[in-house]
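Working through the structure, step by step
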Amino acid sequence: MVVPLTAAVRPPQVPAPAPAALPALTAATLERAYAANRANAEQASRMAADHGDRRRAAADRALAAPTRRLLSFDGRGAGLATEVFGDLAHADRVAVLVPGSDTSLDTYGRFHAAAAALHQRLTRQAAGPGSRTAVVAWLGYTTPATVSTSVTTTDRADEAAPALREFLRDLRRVTGPHTRVALLCHSYGSVVCGRAADGLDVDDLVLLGSPGTGADSAADLHTRARVWAARGTDDWVADVPHVSVGLFGTTLGFGTDPVSPSFGADVFAAGDGGHSDYFRPGSASLANLARIVLGETTEVTRA
């Protein structure tokens, strides 16, 4: 049944321009990148409208608004985008969000809402007027569909991991070496982060609603980052079998449950939310995420 269902949810090929040609990303080139990517999104919106895809045209048009800060944009296929919330060039605390399955330009609104909610919480919760924060929503890979065979393997994550590593290296050219960076990885995004983790230059690695990372333990991620994990009490991912089996040249399943004692992560409270509620305003999960990003780790409430 998976094959026809996967075909049914596969996004149509919507025409769009090639991504904008940009100089190397630095603090000095940020505004140029934002402007070029907004213009590209506007062109993509017109092409999608001419193609008759009003949903994609609306999504692209929203990203082309003057207030949006796009580090990258690619309207082709399911689409890719990296968006900044806050003043990235001067931030001393940065959170990078990596989404899970079924995230594309057509569904980007919910990912945008999660990043915006975190940035608003950070702005309110930051200790003192000198704290400067930014959030980056990184839709830098083609996510698998929830109803598909690809969501049960590490293949899509293995393809995405080099792009995430490259983006985080580029990010350091903007922020400098002393900015604290937290990588917040939701659902299948935690598999991507697990595959990219080895040697990654981040301070905190947070696994939210994770089916597993492809590693047996936090130590096996080979990261200097402090590894955190959380799962809401109403999250269906708790019922996913935590196994990892090699089959026909790929790996099915993602191994040890990140919230289990054997994995070795710092497990924090996520409240009673479901799989899509980790960034819900007012939630215990969002409050703890803000504390982690701000370095207020002694204030994080434990599960």
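This text goes with the structure placed above it.
Residues numbered from 1 in each chain as written. Predicted model: local features only at pLDDT ≥ 70, side-chain atom pairs only at ≥ 80, totals over all residues. Heavy atoms only, no water.

Examining the pairing of strand S4 (residues 133-139)
Where burial is concerned, most of S4 is hidden: 7 out of the 7 residues are buried. Side chains Thr133, Val135, Ala137 and Leu139 of S4 all project onto a buried face; the interleaved residues Ala134, Val136 and Trp138 project onto the opposite face, where all are buried too. With 6 bridges joining them, strand S2 (residues 80-86) and S4 adopt antiparallel strand pairing. Its bridge partner lying in S4, Gly86 is registered against Ala134. As paired elements, strand S3 (residues 93-98) and S4 share 5 bridges and run parallel to each other. Across the sheet, the residue bridging to Arg93 is Thr133, located in S4. (Buried < 20%, exposed > 50% of the residue type's maximum accessible area, 1.4 Å probe, protein only. Helix = DSSP H or I, 4+ residues; strand = E, 2+ residues; numbered from the N terminus. Pairing = 2+ DSSP bridges.)

What to know about helix H7 (residues 284-294)
Within H7, 10 of the 11 residues are buried, leaving the element largely enclosed by the surrounding structure. Buried residues in H7 make contact with S3, helix H4 (108-125), S4, strand S5 (180-186), strand S6 (204-208) and strand S7 (226-230). (Contact = heavy atoms within 4.5 Å.)

Let's talk about the pattern of salt bridges
Scanning all chains against the criterion turns up 16 salt bridges. In this structure, Arg180 engages Asp204 in a salt bridge whose closest nitrogen and oxygen atoms are separated by 2.9 Å. Placement of Arg180 in strand S5 and of Asp204 in strand S6 is noted, with a sequence separation of 24 residues between them. On the basis of relative accessible area, Arg180 is assigned to the partly exposed category, the value being 23%. Owing to a relative accessible area of 0%, Asp204 belongs among the buried residues under this scheme. Here Arg280 and Asp272 are joined by a salt bridge, their closest N and O atoms 4.0 Å apart. Arg280 sits in the partly exposed class, given a relative accessible area of 35%. Classification of Asp272 by relative accessible area gives exposed; the value is 56%. One salt-bridge network, in which partners are shared between bridges, spans Arg172, Asp201, Asp203 and Arg224. (Salt bridge = Lys/Arg side-chain N within 4 Å of Asp/Glu carboxyl O.)

Points about the side chain of Ser283
Mapped onto the secondary structure, Ser283 falls in the loop between strand S10 (266-267) and H7. Separated by 2.7 Å, the side chain of Ser283 and the backbone oxygen of Arg280 make a polar contact. (Polar contact = N/O pair within 3.5 Å; in protein donor to acceptor, adjacent residues only side chain to side chain.)

Details of the state of the cysteines
Applying the stated criterion across every chain, the model contains 1 disulfide. Residue Cys185 pairs covalently with Cys193 via a disulfide, S to S 2.1 Å. An S-S torsion of about -95 degrees defines the bridge between Cys185 and Cys193 as left-handed. Cys193 shares its class with Cys185; the two are buried. (Disulfide = S-S within 2.5 Å.)

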